[in-house]
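Analysis of the macromolecular model
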Amino acid sequence: MSDLIAQLTQRLGTHRVLTAREDILPYGFDGTATLKQLPACVAFPRDAADVSFALKLAGVSATPVVTRGSGTGLSGGSVPLAGSLVLCLVQMNRILEVDTANLTLRAEAGVITQKIYEAADAAGLFYPPDPGSMKISTIGGNVAENSGGLRGLKYGVTRDYVMGLEVVLADGSICWLGSKCVKDVAGYNLRDLFIGSEGTLGVVTQVLLKLLPRPAARQTLLAAFPSMEAAAETVSAIIAARIIPCTLEFIDQTTLRCVEDFAKVGLPRDAAAILLIETDGHPAAVADEAAQTESLCHHHGATSVRRAANATEATQLATARRSAFSALARLRPTTILEDVTVPRSELAGMIRAIGLIAQKHALTIATFGHFGDGNLHPTILTDERDHAEMHRVELAVAEIIAATLERGGTITGEHGVGLAKKPFLRAQLGDASFELLRLVKRALDPDGRLNPGKIFD
Amino acid sequence: MKSLSDLDYSVLQQCMHCGLCLPTCPTYEETQRERHSPRGRIALMRAIADGELAVSQSFGEEMYYCLGCLACTSACPAGVNYAELLETARAEVEQAGVLASPTRSLIRTLTLRVLFTRPRLLRAVGRLLWLWQASGLQALARRAGLMNLLPANLRRLEPQAPTILAKFSHQLIRPVESPASAPLNVGRSMLDVERYPSPAPASPRRVAVLTGCVQDLAFANINRATVDVLLANGCEVHTPPVQPCCGSLHAHNGDHASALALARRQLDLINPADFDAIISNAGGCGSHLRAYGHLLHDDPAYAAKAAAWSAKLRDIHEYLVEINFRAPTQPGGSNPPASGAVSAATATIAATTVTYHESCHLCHGQKVSAQPRAILRALPGVVLNECAESQWCCGSAGIYNITQPETAARLQERKVGHVRASGAQVVATANPGCHLQLQNGLAQSTGPVVTVTHPVILLAQAYAAEK
Ligand SMILES: Cc1cc2nc3c(=O)[nH]c(=O)nc-3n(C[C@H](O)[C@H](O)[C@H](O)COP(=O)(O)OP(=O)(O)OC[C@H]3O[C@@H](n4cnc5c(N)ncnc54)[C@H](O)[C@@H]3O)c2cc1C
Ligand code: SF4
Ligand code: SF4
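Everything numeric in this text was worked out from a predicted model, so none of it was measured.

A tally of regular secondary structure across chain B gives 25 helices and nine strands. Looking at the 467 residues of chain B, the share that counts as buried comes to 59%. Excluding contacts between residues fewer than 6 apart, the proportion of contacts in chain B whose partners are at least 24 apart in sequence is 76%. If you sum the accessible surface of chain B, you get close to 17600 Å²; carbon and sulfur atoms cover 58% of it.

Here we come to the domain arrangement of chain B. All names here are of chain B. When cut into domains, chain B gives domain 1 (4–96), domain 2 (102–160), domain 3 (169–322) and domain 4 (344–465). Listed as interface residues are eleven residues of domain 2 and, on the opposing side, 20 residues of domain 3. For the pair domain 2 and domain 3, the summed buried area comes to about 1300 Å², and 56% of that belongs to carbon and sulfur atoms. By the criterion of area lost to domain 3, the three top residues of domain 2 are Leu 112, Phe 116 and Arg 123, representing 49% of everything that side buries.

Across the contact, 39 residues belong to chain A and 34 residues belong to chain B. Note on chain A versus chain B: buried area summed over both sides is about 2800 Å², and carbon and sulfur give 56% of it. Counting the contacts that link chain A with chain B gives twelve residue pairs in polar contact (both at pLDDT 80 or more). Of all the secondary-structure elements, those providing two or more residues to the side of chain A that touches chain B are helix 2 (21–24), helix 12 (324–328) and strand 16 (334–337) of chain A. Here the residues of the side of chain A that touches chain B are counted per class, giving 13 nonpolar, 14 polar and twelve charged.

This brings us to the pairing of strand 6 (residues 104–108) of chain A. Residues and elements named next belong to chain A. With four of five residues buried, strand 6 is to be regarded as a mostly interior element. Relative to strand 6, strand 5 (residues 95–99) runs antiparallel, the two sharing four bridges. Bridging from a neighbouring strand, Ile 95 pairs with Ala 107 of strand 6. What sits between the antiparallel neighbours strand 5 and strand 6 is a turn of four residues, in which Leu 103 has the positive phi angle 55 degrees.

This part takes up the site of ligand 3. Residues and elements named next belong to chain B. Around ligand 3 sit 13 residues in total, of which Cys 25, Arg 41, Cys 66, Cys 69 and Cys 72 are the nearest. Elements with a contribution of two residues or more to the shell around ligand 3: helix 2 (26–31), helix 3 (38–49) and helix 5 (71–75). When grouped by side-chain class, the residues that make up the shell around ligand 3 number ten nonpolar, two polar and one charged.

It is worth spelling out the site of ligand 1 at this point. Within the structure, ligand 1 sits among 37 residues, and Thr67(A), Gly69(A), Thr72(A), Ser133(A) and Thr138(A) are positioned closest to it. Of the chains in the model, those with residues near ligand 1 are chains A and B. Between ligand 1 and Gly69(A), the relevant distance is 2.7 Å, taken from an oxygen atom to a main-chain nitrogen or oxygen of the residue. The backbone of Gly148(A) places a nitrogen or oxygen atom 2.9 Å from an oxygen atom of ligand 1. Judged by the fraction of its atoms near the pocket grid, ligand 1 is located in the largest cavity. Sorting the residues of the shell around ligand 1 by element identifies strand 3 (65–68), helix 5 (139–145), strand 10 (202–210) and helix 12 of chain A as the ones contributing at least two each. When residues in the shell around ligand 1 are grouped by element, the largest group, five residues, is from helix 5 of chain A. Looking at the shell around ligand 1 residue by residue, the classes come out as ten nonpolar, 23 polar and four charged.

Before going further, it helps to examine the packing of aromatic side chains. Any pair of aromatic rings gets described here by the distance separating the centres and the angle formed by the planes. Residue and element names in this part refer to chain A. Summed over all chains, the structure comprises seven aromatic pairs over all chains. An angle of 90 degrees between the planes, with centres 5.3 Å apart, marks the rings of Phe 126 and Tyr 155 as edge-to-face. Residue Phe 126 is found in strand 7 (residues 125–126), and its partner Tyr 155 is found in helix 6 (residues 152–155); the two are separated by 29 residues along the sequence. Taking relative accessible area as the criterion, Phe 126 reaches 1% and is therefore assigned buried. An aromatic cluster of three or more residues is present, and its members are Tyr 117, Phe 126 and Tyr 155. Sitting above the plane of the Phe 126 ring, Arg 218 keeps its charged end 5.1 Å from the centroid.

Tracing the sequence through the fold places His361(A) in the loop between helix 13 (347–360) and strand 17 (364–370). When sequence neighbours within four positions are dropped, the list of residues in contact with His361(A) reads Arg392(A), Leu395(A), Ala396(A) and Glu399(A).

A word on the layout of surface pockets. All names here are of chain A. Each pocket or cavity is described by its volume, and for the second largest pocket that value is around 790 Å³. In this structure, the second largest pocket is lined by 35 residues; those nearest its centre are Arg 159, Ile 195, Gly 196, Ser 197 and Glu 198. Of all the elements in the fold, those that place two or more residues in the lining of the second largest pocket are helix 5, helix 7 (190–194), helix 15 (425–429) and helix 16 (431–444). For the lining of the second largest pocket, the element with the most residues is helix 16, which contributes four residues. Each of domain 2 (95–213) and domain 4 (332–429) contributes no fewer than three residues to the lining of the second largest pocket.

Moving on, we get to the environment of Ala303(B). For Ala303(B), the position within the fold is in helix 18 (residues 303–312). Excluding anything up to four places from it in sequence, Ala303(B) contacts Leu296(B) and His297(B).

The biggest cluster of nonpolar side chains holds 73 residues, and the ones touching the most others in it are Val42(A), Leu267(A), Ile274(A), Met45(B), Phe59(B), Tyr82(B) and Leu85(B). If we skip the residues at most four places from it in the chain, Val42(A) touches Arg16(A), Val17(A), Leu18(A), Ile24(A), Tyr27(A), Val86(A) and Cys88(A).

Time to look at empty space enclosed by the protein. Residues and elements named next belong to chain A. Under the criterion given, the structure shown has nine cavities of 30 Å³ or more. What the largest cavity holds in volume is close to 800 Å³. Thr 72, Gly 73, Ser 133, Glu 145 and Ser 147 are the residues nearest the centre of the largest cavity, which is lined by 47 residues in total. Here the lining of the largest cavity gets five residues from one element, more than from any other, and that element is helix 5. Of the residues contributing to the lining of the largest cavity, the split by class is 13 nonpolar, 27 polar and seven charged.

Rules and cut-offs
Along each chain, residues carry numbers from 1 onward, in the same order as the chain's sequence is written. Going through the entries in the order they are written, you letter the chains from A and number the ligands from 1. With pLDDT at 70 or above as the cut-off, local features in this predicted model cover only qualifying residues; side-chain atom pairs require 80 or more to be listed or tallied, and sums for whole chains, interfaces and linings still use all residues. Side-chain figures throughout are based on the complete set of non-hydrogen atoms in the structure, without hydrogens or water. We count a stretch as a helix when DSSP gives it H or I for four or more residues in a row; a strand needs E for two or more, and each element gets its number in order from the N terminus. Residue exposure (1.4 Å probe, protein chains only): buried if accessible area is under 20% of the type maximum, exposed if over 50%, otherwise partly exposed. Contacts are assigned to residue pairs with any non-hydrogen atoms lying within 4.5 Å of each other. We get accessible surface area from the Shrake-Rupley algorithm with a probe of 1.4 Å; when it comes to residues, only the shown protein chains can shield them. The split into domains, and so the bounds of each, comes from an automatic or database assignment of domains. Buried area is calculated as the accessible area (1.4 Å probe) missing from two parts once they are joined, with the contributions of both summed. Polar contacts here mean pairs of N or O atoms no more than 3.5 Å apart (in protein, one a potential hydrogen donor and the other a potential acceptor; neighbouring residues in sequence count only if both atoms are side-chain atoms). Three classes are used, and their members are as follows: Ala, Val, Leu, Ile, Met, Phe, Trp, Tyr, Cys and Pro are nonpolar, Asp, Glu, Lys and Arg are charged, and the others, Gly among them, are polar. Strand pairing is assigned whenever DSSP detects at least two bridges linking the two strands. The criterion for a residue being near a molecule or strand is simple. One of its heavy atoms has to lie within 4 Å of it. Of the grid points, spaced at 1 Å and generated over the protein atoms alone, those admitting a 1.4 Å probe that cannot get out make up cavities, while open sets with protein on both sides within 12 Å along at least five of seven lines make up pockets; any residue with an atom within 4 Å of a point is treated as lining. Whether a molecule sits in a cavity or pocket is decided by its atoms, more than half of which must lie within 2 Å of the grid points. Here the aromatic set is Phe, Tyr and Trp, taking the six-membered ring for Trp, and pairing holds for ring centres within 6.5 Å; pairs whose planes are under 30 degrees apart are stacked, those over 60 apart are edge-to-face, and all others are tilted. Definition used: whenever NZ (Lys) or CZ (Arg) falls within 6 Å of the ring centre and also within 35 degrees of the ring normal, the charge is taken to sit over that ring. Grid points are joined across faces, edges and corners, and a volume is the space filled by probe spheres set on the points. The definition of a nonpolar core used throughout is a set of buried Ala, Val, Leu, Ile, Met, Phe, Trp, Tyr and Cys residues joined through side-chain atoms within 4.5 Å.

Given below as structure tokens:
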């Protein structure tokens, strides 16, 4: 290990290799509650060659390597292992190319998602995936978790925009997967294997992203409902009416009050639930969809529907929604967030089930999420120092997961398995699929060097 | 005794490490290292409370590398009380003595314990500094290259020292002034309060004006203007001639005991029960003054009074908007915003473009952001040109420009760049530290003259022009 640190320091310089306790302590966790572990060293590579160099050294000294972006992950993916080397990619933050002829953008993996959006926007183009953390998450982290966002319903998730990747493998070899071609079936689609691989198969060092033309118009609506069911029915009605808004977000009363305390954007505090809806596209289509959506909301019992007056107000509302998870931390010291996703037809039933589980275990569970995607974030508000309550939290989590799987759902829609969801993966996948995953891992990383212990043991 | 482990653990635990504050933190942006981010600093503080880390020199340095700009508190959805965490951590650093050196201790004692606890002494020192600057000795010494004899760090500071005005607040403001009373004759910078068409409500609002320390020495004219605009809006204004330092400097620098003592003295001098509002016009002071209620919450003798004080404390802009201030009818007269050397030769402010730089402790510390703009927009003949990053720290940050000169200089340059890019002729700001930092930064950069002033100066001038 000391040899690894010495050689890394020689190559990268002392300011890119941290080992002092005060320096590395803040890399001991990510956005996930209750998980922490100190690494041995944190290094900041400048490019793929540095990453390759570090991985080869790690091979020699049998050091586990944990790749890290901004550490906003919500499943413990970038929480280090004891004695590990953390490769933090935030200094690989250059946007290398915006190709307006092919509508692509190439960037280093440490670029902040928001900067990708802005660079596309400046060229009149559009990069849709917008996770709640986009102001600070890295594009590499987005790829590694296959992150979703507020626009998933119409535009899909990160995977739908990745055309190519530069990846450094466990043995230090550097490969390009994918191309600028719209169609490309040369060999297996290994690019997709790395999307959502949570740093366990390779280190992503560059991404080639697909961009879209920027929609000409947008309209944001905020509808308040007297019950969660009414909001859920409205969502079904909107989709049944063949309207695909780009955003269809749900926030319950507990969450919306916390958000309003922080953002002060005039959310209706008395509503049992609100829907944040955005349509975009051709101005005429947007006007039409907005009008239809508004009347559907009223028809299903909305007590008020507010239209954002301008882009600033629309941004404010979206920003408020993005703060939902963090804002919930106002209520209790520990916020345990789930990421269950069910087929959309099961949403109302799933919401009811969560309510019953909360009651049964005497817990506060606030729920918000990407309703249009069937992706819910039931968030248990608790206190990690209260052991009795934490035990009830564990039971409740297991029951939420069971209720999800019963409905044909998945334990994680966008945050990944990491450490937090590891115990439930086999139950969802079944033995054969689970073993197939491990087979792939062994093939690419035979020594278990990369992010060991994440996704599965 | 104030320490991280004694702090209510929920304050430390409040941070759920989501990272949403990172992009707003100037020191994280500079280095992209977690320990230089709010989330990282809180993690270090928590490690100390948990006994996982000792209060080390490195920890101490980290706590002082933080600007204390509180941008992270505006960004934090979870409502983390970073201000209290930082004050506690710095107090702990001071108690542990991990940064102690003879020079540092001497400077701290001289400033925190001697100078900024004795308002009369501070004024006397200010007077000497004024003599030095006004007598031409300073210019002479600079020309003769005498400054090169100073040690490097003092040499760097010397040109940053505020230009002291000829008159301090108590020479410009009478202890009690009411809309009807005659003005004190203090010459050119005195605005004629007598002829204001004042709204004069049946029972005038009684307010107390806090004059500050640096504000009192370098910007007494801003204090005068503060009184003027309050008078013009029908307030009876009480301004005790000798006021103790509010203690913000002490609290922000880990001298908790002095901060407590000074807060008590302030409460002894000004009883909140006597006033409708207590007015501060400096972002940094106001932010701390508002926290008296919390600061003294477990002092049986002062808790109630301090709570009442906090409830009545208002930033001047906030108060003016709250009482629905009267919009002036005339563009500000030909009086230049006489607020220091740079502004001396500026022309009229009619049809002037103004930009607004937000003092961190006004916008992040006190959440007062719209009101100063409302005042600027109400000025006839003034166009408000927003500059980029108006809420990004200018690097002044209390005494940060003295303790961390490199980072402070980079922030200053960035700020000056945005101010110049806005094309404004005047930049308004409401904190003496920012004011000086902008003045120095603008003077050192090339480009057209940009005047630094305080929004109430512009408002007072516009009222004066109505006569
Ligand atoms: C407030 C908040 C809101 C959020 N909202 C959303 C949301 O709406 N949708 C959503 O999907 N997620 C959301 N997240 C989760 C999180 O932000 C995403 O998972 C994000 O993509 C993580 O990016 P990061 O740079 O912080 O990665 P990290 O947390 O540092 O890492 C995440 C995982 O990716 C791996 N990794 C990181 N970079 C690389 C790389 N270059 N190569 C290989 N592996 C890598 C790490 O090893 C780890 O397993 C939110 C998080 C927070 C705190
Ligand atoms: S201080 Fe607030 S915004 Fe920053 S990481 Fe902690 S909870 Fe998140
Ligand atoms: S106070 Fe300013 S410098 Fe300090 S952590 Fe917060 S944002 Fe960063």
